[in-house]
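Remarks on the overall topology
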Amino acid sequence: MSNEKFKSISPADFFYKNREIAGFDNPVKATYMIIRELVENSLDACETHKIIPEIFIHLRKIPKSLNVYEIHVQDNGCGIPFDYIPPAFGQILYSSKYTLRQTRGTFGMGGKMAILYGQITTHFPVTVISSTGLDDWHLFKLMIDIQNNKPIIKSRKLFPNPSHDHGTIVEFRFEGDYIRAKQRIIEYLKLTATILPYLNLTFIDPDGILYLFNRSTKILPKPPLEILPHPNGVDMETLNRLISETKAKSMIEFLQKHFHRVGKRTAMKFLKYANIDPSRLPKSLNPDEILHLSQAMRNYKSFLPPDSQCLSTIGADLLIKGIRKEFNPEFVAAVTRPPSVYEGHPFIVEAAIAYGGNISPPQSSGDVNLFRFANKIPLLYDAYNDVSMKVIKKIKWWRYKVDIEKDPVAFFIHICSTKIPYKTIGKEYIADRPEIEYEIEWALKNCGKRLRTYLIRKAKMEIKKRRLLVLERYLPYIAKFASELAGKSNMPNYYELLKYMD
Ligand code: ADP
Ligand code: MG
């Protein structure tokens, strides 16, 4: 006797009911997440097309409302072809980023969650204006049909674009709490400006305060390339999809065509290892054989490691430029580690340590000044659960002459990967993976060594300076008495002596 009712819900309905998993739990967090998702979409739209980003954000309170805000984000990115605008902003899990390339967006829902949240709390449509530069400006007013996960076009307009400008404007209302989200938003923008020294960002907040983050360079890091999946990282889902779509006539051709860095020789060796006939038609594999194939692919150790061309690091030079611009430290060292792999996903760790200047010691005991980034996104929540914190706590910092809880020292860690192992969907902290831990540890130790050299040199200089100060004070008297004792009227030139001491 079963009276269970079964039904399926649309992805939009699912996220509407479970919005906390995407980080939209309350008005404070939602205010921060909305800005973050829109800025990240704008940045992706610029960087993948080698455009130097120029972003303008205006958040204003709707007069006479209790807590309704309007967000306006404008960028000079690639723009969106007009027929893609409605699904890109009105259909959850619709994205241009389902590729193996490093981007900020991951699930095809960030921007839409923000819009959905706005719609749920205010019932206003979102306005999107965009042009790719090749045609007119298209303005759409859209709402999301939550039950059917479809965009509803409320209105549509065209504006001429004679100068062929490109970019996107997104504007909508939501129920928020800027006062309590303010600190986090400013920190997020400041850290974004740190990791992207080539970004010009303007933010006008609801109090009318203007925040300007100006670029200090026009150099962009190389954009990430798209790659095929690596055989070690493949799962059953991907494999099934590839087999059903492939036009390959044999297993050997299938492996070469659809996987990253698999040539004829590697494919032959692997098929021998997996005990699969190289001339088999891929579509003739039964489910058990596909399962066996996916396990063999994951376990085979002799595939070439993935190429890191699909990753886009900032590079030590730009990282230093960004940190100098936003924190003005007296010393900073940065390194970019060589590429490495976890579970078939390539990744690169970059780290920097900055000391002194505008960096203050951590605010309370047990705290560490740790700034984390993943694929050029600052991560602000849950630092204590992050793999970087674990590694920092493990290193014996006294060997590097610093007390990380008391000295004005800050750590910056950036992880780039086609798949960042986030622990939650809210993209805030990174899970421990031994390969990643290892890279972070060595990156930090390398910077630590350079900090140690600097601090030792600084301490020596200080002793010297103190000695000079004492000499400077007493040398004139000694010179005077000595010449009197010697019965000479001319005093010796003690400045020469001080110069010599220097
Ligand atoms: P995701 O970023 O995970 O792909 P979003 O819902 O945030 O998901 O965005 C959906 C798609 O809309 C993106 O993949 C992108 O193609 C497009 N898009 C969103 N914002 C912009 C923008 N500012 N400029 C250009 N394209 C954008
Ligand atoms: Mg996005």
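Residues numbered from 1 in each chain as written. Chains lettered and ligands numbered in written order. Predicted model: local features only at pLDDT ≥ 70, side-chain atom pairs only at ≥ 80, totals over all residues. Heavy atoms only, no water.

This next bit is on the overall build of the protein chain. Each helix and strand counted, the protein chain has 13 helices and 14 strands in total. For the C-alpha atoms alone, the extent of the protein chain along its principal axes is close to 115 × 70 × 60 Å. Here the protein chain holds 502 residues, and the buried ones make up 50% of them. By sequence separation, contacts in the protein chain at least 24 residues apart represent 72% of the contacts at least 6 residues apart. Surface summary for the protein chain: the accessible area is close to 25,500 Å², and the carbon and sulfur share equals 54%. Taken together, the 72 basic and 53 acidic charged side chains of the protein chain have centroids lying 4 Å from each other. (Helix = DSSP H or I, 4+ residues; strand = E, 2+ residues; numbered from the N terminus. Buried < 20%, exposed > 50% of the residue type's maximum accessible area, 1.4 Å probe, protein only. Contact = heavy atoms within 4.5 Å. Areas by Shrake-Rupley, 256 points an atom, 1.4 Å probe, with all protein chains shown as cover. Lys, Arg positive; Asp, Glu negative; His and termini not counted. Charge placed at Lys NZ, Arg CZ, Asp CG, Glu CD.)

Attention now moves to the packing of aromatic side chains. Across all of its chains, the model carries 21 aromatic pairs by this definition. A centroid spacing of 5.3 Å and a plane angle of 50 degrees characterise the contact between Phe327 and Phe371, whose relative ring orientation is tilted. Within this pair, whereas Phe327 is found in helix α10 (residues 316-327), its partner Phe371 is found in strand β12 (residues 369-374), the two being separated by 44 residues in sequence. Here the two residues Phe327 and Phe371 agree in accessibility, since each one is buried. The rings of Phe270, Tyr273, Tyr300 and Phe303 are connected pair by pair, giving a single aromatic cluster. Stacked on the ring of Tyr381, the Lys or Arg Arg184 has its end atom at 4.1 Å from the ring centre. (Phe/Tyr/Trp six-rings, centres within 6.5 Å; stacked < 30°, edge-to-face > 60°. Lys NZ or Arg CZ within 6 Å of the ring centre and 35° of its normal.)

Scanning the entire structure with this criterion turns up 20 salt bridges. Among the salt bridges present, the one from Arg36 reaches Glu40, with a minimum N-O distance of 3.3 Å. Of the two residues, Arg36 and Glu40 both sit in helix α2 (residues 27-47), four residues apart, roughly one turn of that helix. Of the two residues, Arg36 and Glu40, neither departs from the other in class, the shared state being buried. In this structure, Asp177 and Arg180 form a salt bridge, with 3.4 Å as the shortest nitrogen-oxygen distance. Using a relative accessible area of 63% as the deciding quantity, one classes Arg180 as exposed. Linked through salt bridges whose partners overlap, the residues forming this network are Lys390, Lys394, Asp432, Glu437, Glu441 and Lys445. (Salt bridge = Lys/Arg side-chain N within 4 Å of Asp/Glu carboxyl O.)

Turning to unusual backbone geometry, a few remarks are in order. Residue Lys64 is not a glycine yet carries a positive backbone phi of 70 degrees. One can find Lys64 in the loop between β1 (54-61) and β2 (68-75). For Asp382, which is not glycine, the phi torsion reads 60 degrees and is therefore positive. Residue placement: Asp382 occurs in the loop between β13 (377-379) and α11 (387-394). Look at Asp382 and you get partly exposed, because its relative accessible area is 40%.

What follows covers the environment of Ile34. Tracing the sequence through the fold places Ile34 in helix α2. Its relative accessible area of 0% is what places Ile34 among the buried residues. In the structure, Ile34 is positioned eleven residues away from Gly23 in sequence and 9.7 Å away in space, judged by C-alpha atoms. Beyond its immediate chain neighbours, meaning those up to four positions away, Ile34 contacts Phe24, Ile71, Ala114, Tyr117, Phe172 and Phe174.

As summarised here, the arrangement of the eight strands in space is β5-β4-β3-β6-β2-β1-β7-β8, forming an open sheet in which the pairing is mixed. In this open sheet, the two edge strands, each paired with only one partner strand, are β5 (150-159) and β8 (210-213). Each adjacent strand pair in this sheet contributes to an overall mean axis angle of 15 degrees, direction not counted. Sheet analysis places strand β3 (residues 126-131) next to strand β4 (residues 137-145), joined by five bridges and oriented antiparallel. Counted as the bridge partner of Val126 is Leu142 from β4. Across the face of the sheet, helix α4 (residues 110-122) comes into contact with β2, β3, β4 and β6 (167-175) while running at roughly 40 degrees to β6. (Pairing = 2+ DSSP bridges. Axes fitted to C-alpha atoms, helices over the stretch in contact; angles between N-to-C directions.)

Right, let's get into the nonpolar core. Residues Ile57, Ile71, Phe172 and Phe203 are the most contacted members of the largest nonpolar core, which totals 66 residues. Counting the residues that make up this core, at least three belong to each of domain 1 (11-213) and domain 3 (308-453). When neighbours within four sequence positions are excluded, Ile57 is seen to be in contact with Ile35, Val39, Ile71, His72, Val73, Leu189, Leu201, Thr202, Phe203 and Ile204. Counting residues in each nonpolar core, the second largest holds 38 residues, with Ala333, Phe347, Leu370 and Ala443 among its members. (Core = buried A, V, L, I, M, F, W, Y, C linked by side-chain atoms within 4.5 Å. Domains from an automatic or database assignment.)

Within strand β11 (residues 345-355), eleven of the eleven residues are buried, which leaves it mostly tucked inside the rest of the structure. Of the two faces of β11, both are covered, the one formed by His345, Phe347, Val349, Ala351, Ile353 and Tyr355 as well as the one formed by Pro346, Ile348, Glu350, Ala352 and Ala354. Here six bridges tie strand β9 (residues 331-336) to β11, and the two strands are oriented antiparallel to one another. Across the sheet, residue Ala334 finds its bridge partner in β11, namely Ala352.

Among the secondary structure elements, Thr202 is positioned in strand β7 (residues 200-204). Discounting chain neighbours no more than four positions away, the residues touching Thr202 are Ile55, Phe56, Ile57, Leu210, Tyr211 and Leu212.

Bringing the pairing of β5 into the picture now. Relative to β5, β4 runs antiparallel, the two being bridged by nine bridges. Counterpart to Phe140 in the pairing with β5 is Arg156. Where β4 folds back onto β5 in an antiparallel hairpin, the turn is made up of four residues, including Asn149, whose phi is positive at roughly 50 degrees.

Let's shift gears to the packing of α2 against helix α5 (residues 178-195). Working note: a packed helix pair is described by the angle between its axes plus the distance between those axes. At a minimum axis separation of 8 Å, α2 and α5 run at an interaxial angle of 25 degrees. In terms of their interaxial angle, α2 and α5 are classed as roughly parallel. For the pair α2 and α5, the sense of crossing is right-handed. On the side of α2, the interface is formed by Val28, Thr31, Tyr32, Ile35, Arg36, Val39, Glu40 and Leu43, while α5 contributes Tyr178, Arg180, Ala181, Arg184, Ile185, Tyr188, Leu189 and Thr192. Here the residues of the contact of α2 with α5 sort into ten nonpolar, two polar and four charged. (Parallel < 35°, antiparallel > 145°, perpendicular 65-115°, else oblique. Left-handed = near helix turned anticlockwise from the far one by under 90°. Nonpolar A, V, L, I, M, F, W, Y, C, P; charged D, E, K, R; others polar.)

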